[in-house]
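Fold and geometry: a report
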Amino acid sequence: MSQSTPLITLQLPSKPTPVLQDILLRASRTVPKDRMRVKFRQTHSSVPPSLTIEGTPSPLPSISLPSVKQMLAMPDSLTTLKMAFLRAVKAIDGTEKRRPDGRFTLSSSRTQTEDWFQQRIGKKRRLIFDIETAGGLKRHPSKRELLCVGFFDGESTFIIPEDQLLEGRWESLYYMLAGHFLLGGHNGKFDTMTFSWYLLEEHNPLPLAMDSQLAHAALYPAAQRHALSAVVEKFYGWSDWSLSQAEYGNMRSVPLEKLYPYLAMDVQGTGVLTADLHSMLKLNEDRSFVYDNIMIPATNMLAWTEWYGVTIDRKYIEDKLKPEVQGEIDEALALVERMADEMLADARENPPKGTTQEDLTPEKMWPRSHGPGSVRGKPVWIHKFNPGSPPQVKKLYAAKGVNLKSTDEEALTRLMRRGVDKTFAPVLLDYRGATKLMGTYIQPNLDEPPLTMSDELFPGWRRFPNYKLFGVHTGRTAAEDPNIQNQPRPDRIRRMYIPSVAGRLLGQTDYSQAELRVMAAEGGDKWLIDIFADSTQDVFTQMLPMAFPKRKPRDDEERVDMRARLKGVIYGLSFGRQAPAIADSLEMPTFEAQAIIDNFLKAASGIAHYRAETMRKLHDGTGLRTRFGRYFQHDVITPRNKNNVERSALSFVPQGSVSDCLLLSAVDLVNHIRENDLGWRPMAFVHDSITIDAPADQIEEAMAFAGARMKYHAEKWFPEVVFATDGKFGTSWDKTH
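Right, let's walk through the structure included here. (Residues numbered from 1 in each chain as written. Predicted model: local features only at pLDDT ≥ 70, side-chain atom pairs only at ≥ 80, totals over all residues. Heavy atoms only, no water.)

Our focus in this paragraph is the overall build of the protein. For the protein, the count of helices and strands is 27 helices and 22 strands. With the C-alpha coordinates of the protein rotated into their principal frame, the extents come out at 80 × 75 × 75 Å. The buried share of the protein, reckoned over its 737 residues, is 51%. A separation of at least 24 residues holds for 70% of the contacts in the protein among residues at least 6 apart in sequence. Carbon and sulfur atoms provide 50% of the accessible area of the protein, an area that totals close to 34,300 Å². (Helix = DSSP H or I, 4+ residues; strand = E, 2+ residues; numbered from the N terminus. Buried < 20%, exposed > 50% of the residue type's maximum accessible area, 1.4 Å probe, protein only. Contact = heavy atoms within 4.5 Å. Areas by Shrake-Rupley, 256 points an atom, 1.4 Å probe, with all protein chains shown as cover.)

Before going further, it helps to spend a moment on unusual backbone geometry. A cis amide bond, omega -5°, links Asp481 with the succeeding residue Pro482. Structurally, Pro482 can be placed in the loop between strand 17 (478-480) and helix 18 (491-494). Residue Glu201 is not a glycine yet carries a positive backbone phi of 60°. By the secondary structure assignment, Glu201 is in the loop between helix 7 (188-200) and strand 10 (210-211). Notably, Glu587 is not glycine yet its phi reads approximately 55°, a positive angle. Structurally, the position occupied by Glu587 is in the loop between helix 23 (579-586) and helix 24 (590-603).

To continue, consider the pattern of salt bridges. In total, this model carries 41 salt bridges according to the counting rule given. We note a salt bridge from Asp153 to Arg120, for which the minimum N-O separation is 2.7 Å. In this pair, Asp153 sits in the loop between strand 7 (146-152) and strand 8 (157-161) while Arg120 sits in the loop between helix 4 (110-118) and strand 6 (126-133), placing the two residues 33 residues apart along the sequence. The exposure class assigned to Asp153 is buried, which follows from its relative accessible area of 10%. We note a salt bridge from Arg616 to Asp620, for which the minimum N-O separation is 2.7 Å. (Salt bridge = Lys/Arg side-chain N within 4 Å of Asp/Glu carboxyl O.)

Looking at the element boundaries, Lys258 is found in helix 11 (residues 256-282). Residues Lys258 and Ser512, 254 residues apart in the sequence, show an inter-C-alpha distance of 54 Å.

Strand pairing in a sheet is mediated by backbone hydrogen bonds. Such pairs are either parallel or antiparallel. In spatial order, the strands read 2-1-3-4; together these four strands make up an open sheet with mixed pairing. Of all the strands in the sheet, just strand 2 (37-42) and strand 4 (63-64) have a single pairing partner and so form its edges. Across six bridges, strand 1 (residues 7-12) lies against strand 2 in parallel orientation. Counted as the bridge partner of Leu10 is Phe40 from strand 2. Seen against the sheet, helix 3 (residues 77-93) touches strand 1, strand 2, strand 3 (50-54) and strand 4 and runs at an angle of roughly 20° to strand 3. (Pairing = 2+ DSSP bridges. Axes fitted to C-alpha atoms, helices over the stretch in contact; angles between N-to-C directions.)

Taken together, the four strands give an open sheet; going across it, the order is 20-21-19-22, and neighbouring strands pair in antiparallel fashion. Edge positions in the open sheet fall to strand 20 (681-685) and strand 22 (725-730), since each of these has one partner strand only. Direction aside, neighbouring strands of the sheet carry axes that sit 20° apart on average. Seen against the sheet, helix 27 (residues 699-717) touches strand 19 (504-511), strand 21 (689-695) and strand 22 and runs at an angle of roughly 20° to strand 19.

All right, on to helix 17 (residues 424-442) then. Taking 1.5 Å per residue, 19 residues should reach 27 Å; helix 17 reaches 26 Å between its end C-alpha atoms and fits that length. Turning to helix 17, its buried residues are Phe424, Ala425, Val427, Leu428, Leu429, Tyr431, Ala434, Leu437, Met438, Tyr441 and Ile442. Where the residues of helix 17 are buried, they touch helix 13 (314-349), helix 15 (390-399), helix 16 (409-417) and helix 18. (Expected span 1.5 Å × (residues − 1).)

Now for helix 4. Within the span of helix 4, buried status applies to Arg110, Thr113, Trp116 and Phe117. The arc enclosing the buried residues of helix 4, seen along the axis, measures out at 120°, which places them on a common side. Check the buried side of helix 4 and you find it contacts strand 6, strand 7, strand 8, helix 5 (162-165) and helix 6 (171-180). (Arc of directions from axis to C-beta.)

Right, let's get into the side chain of Arg144. Considering the arrangement of structural elements, one finds Arg144 in the loop between strand 6 and strand 7. For the buried Arg144, no salt bridge exists, and the shortest N-O distance to an oppositely charged side chain is 6.9 Å, to Glu306. Ignoring sequence-local partners within four residues, the contact set of Arg144 consists of Thr133, Gly136, Leu137, Arg139, Phe190, Thr194 and Tyr198. (Lys, Arg positive; Asp, Glu negative; His and termini not counted.)

Attention now moves to the side chain of Thr736. Along the chain, Thr736 turns up in the segment after strand 22. On the accessibility criterion, Thr736 (1% relative accessible area) is buried. One polar contact links the side chain of Thr736 to the main-chain carbonyl oxygen of Trp733, over a distance of 2.7 Å. Apart from the residues lying within four places of it in its own chain, the contact partners of Thr736 are Leu506, Gly507, Gln508, Lys728, Phe729 and Gly730. (Polar contact = N/O pair within 3.5 Å; in protein donor to acceptor, adjacent residues only side chain to side chain.)

Axis angle and axis distance: for two packed helices, these are the angle between their axes and the distance between the axes, and together they describe the pair. Between helix 7 and helix 12 (residues 285-305), the least distance of the axes is 10 Å, while the angle of their chain directions is 40°. If you check the angle between helix 7 and helix 12, you find them oblique. Helix 12 is crossed by helix 7, and the crossing has right-handed handedness. On helix 12, the residues that touch Lys189, Thr192 and Met193 of helix 7 are Thr299, Leu302 and Ala303. (Parallel < 35°, antiparallel > 145°, perpendicular 65-115°, else oblique. Left-handed = near helix turned anticlockwise from the far one by under 90°.)

What follows is about the pairing of strand 1. In terms of burial, strand 1 is largely enclosed, as six of its six residues are buried. What you see with strand 1 is no split at all: Leu7, Thr9 and Gln11 on one side and Ile8, Leu10 and Leu12 on the other are buried throughout. The pairing of strand 1 with strand 3 spans five bridges and is antiparallel. When the bridges of strand 3 are listed, Gln11 appears paired with Ser50. For the handedness criterion, the β-α-β arrangement of strand 1, helix 1 (residues 18-28) and strand 2 is classed as right-handed. (Right-handed = clockwise from strand over helix to strand, strands pointing away.)

Moving on: the packing of aromatic side chains. A complete count under the given rule lists 28 aromatic pairs for this structure. Judged by centre distance (6.4 Å) and plane angle (45°), the rings of Phe718 and Phe723 are tilted. The pair formed by Phe718 and Phe723 is uniform in burial state, with each residue classed as buried. Members of the aromatic cluster, joined through ring pairs, are Trp116, Phe117, Phe129, Phe151, Phe158, Phe181 and Phe195. Directly above the aromatic system of Tyr220 lies the positively charged group of Lys234, at a separation of 4.7 Å from the ring centroid. (Phe/Tyr/Trp six-rings, centres within 6.5 Å; stacked < 30°, edge-to-face > 60°. Lys NZ or Arg CZ within 6 Å of the ring centre and 35° of its normal.)

Pasting the structure below:
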């Protein structure tokens, strides 16, 4: 190979560890060795990792890489590095995709706009579109200010300006788009909810046939970033044409001569990316099925559902819940500060080696802060322990001779279990729990718009959760603003959520032991399959003799306790947890949790086989996939991440499968509501349950329909097992479980 052969140099700020060296060597095999060379070079520690290219007629830009730490931790590390090498190869060959040129036609009238679309009916069925709004991304779609809309047909770009959008209803354009074109975008759910409202001034979102963000998630489920700018940079190396953070915060201030080309670049980039991702999906039947049959129908279902939001009982929060929790915070804070001072005083009596009594005073241990009042105009300084500061918690325990690597709940619980600290740690955890309830779940439900909204369109005080169909390693969905899927179990928290108006109720339909049933089907476990077949019997009660072979419950109270322990252990197993973690969460000795696990897996030999097969496929490269076609992506397994990856792998098939059954059921439910013009409204989707807001005289019918669809989809995909659902309804969410 001659010296003029192009050279790709991988620059690292430090010498790679053996694990990292193996990752980089595997990634570099993307490069054809007969035409190009690859070498490694150690640079200064301040220089980030990159690929540089030499030996080409004209200079080529370097390609940025993840940090060394990210290379070892990212679940898609190897994939990301391979794509970087592939970009380098394409740059050398001159085959990289051209960056969008940003050219566009700006519409001058509604007539010109409709003519542009009329000319493409029957010829250009696929249309990519994107919108720009004047900030307020978390506002309800009816409250967003739409500045312009861009369309790309694969060749030309057309932009509709704001003045046309403000002329009033535009039904002719809506029905032209709905009836003649396959629409796509990047995070198109946001765009179709907003644009459709402007066209109709009513809620009926244009259906999406494509979404490059979802296509990317289907192909690369472990990717850390799915934003358009990140994906096109990863695929094509296109420089980011995004606006500044200040401009994003106030898009109204961006000059139109800058805004329109930016929109054109966005819609063109989305079009190129969509075409490439769809070509890749055609080569992979599994991932194509997930995208076409689950993700696209689900995003259209959510575009309709998210509009209605969840209703908050503001009066209950202000009059009862917030004062109650604030009182708990104040009480716990006073107690934890007093106990910290007492612990410090005790430590001064017997200082740890290398520490003096003077080192263990509040003045030396805690930073100063303003106290109440002042003296002669000067502030009064005090030194108080801050329970929200991990460094201060570590210092306090170190003063008592206990060195902690972490101060999280797991570490403090471990201290309590071992008898190291049974007094301070519980109070500290109580304080943290109360502050989290207030800061994460209670106060945000009282915040003013744009996070919440109440007006003539939506009676009551509402928030509008945004669901995401990607981003969770096990294939589950996620939600934000609020995270309705992660509301704590205490009834007083779920009590915040109520029906939208008087005369309606909330009803929740849950799968019963769905993840365990999926594992039984996957493992062909006859013992469990037979137990599930009898829907008249309680599943866990039937398992008690197996789990506790030498112990019979003396009374109903003990039977309930034993059942709860067994249920907790089995659910822990479905999350991939081991005996110590399960024992900690259930407050039982580790040996008892291990005994229940051993007895259960001995009886449920199919489950044991399923778990062993999962580990084999994870480590031998076979790969894990669900029956729906989702696959588990974790490119690199190291000694450091091995336990976490194995836990995620064990929960991947049951959690991802149940989530997909639920999504398919939710799609059926919303289609049924829309086709029959029913007054039912899905209020929440939480992994294995659907909560519906419906008129009181229809709530049982709505729940029965949801339950029937949930059972249908589960048994369609897992015919080996009988599935079951149950449900409750009431005047607030806490009464539905």
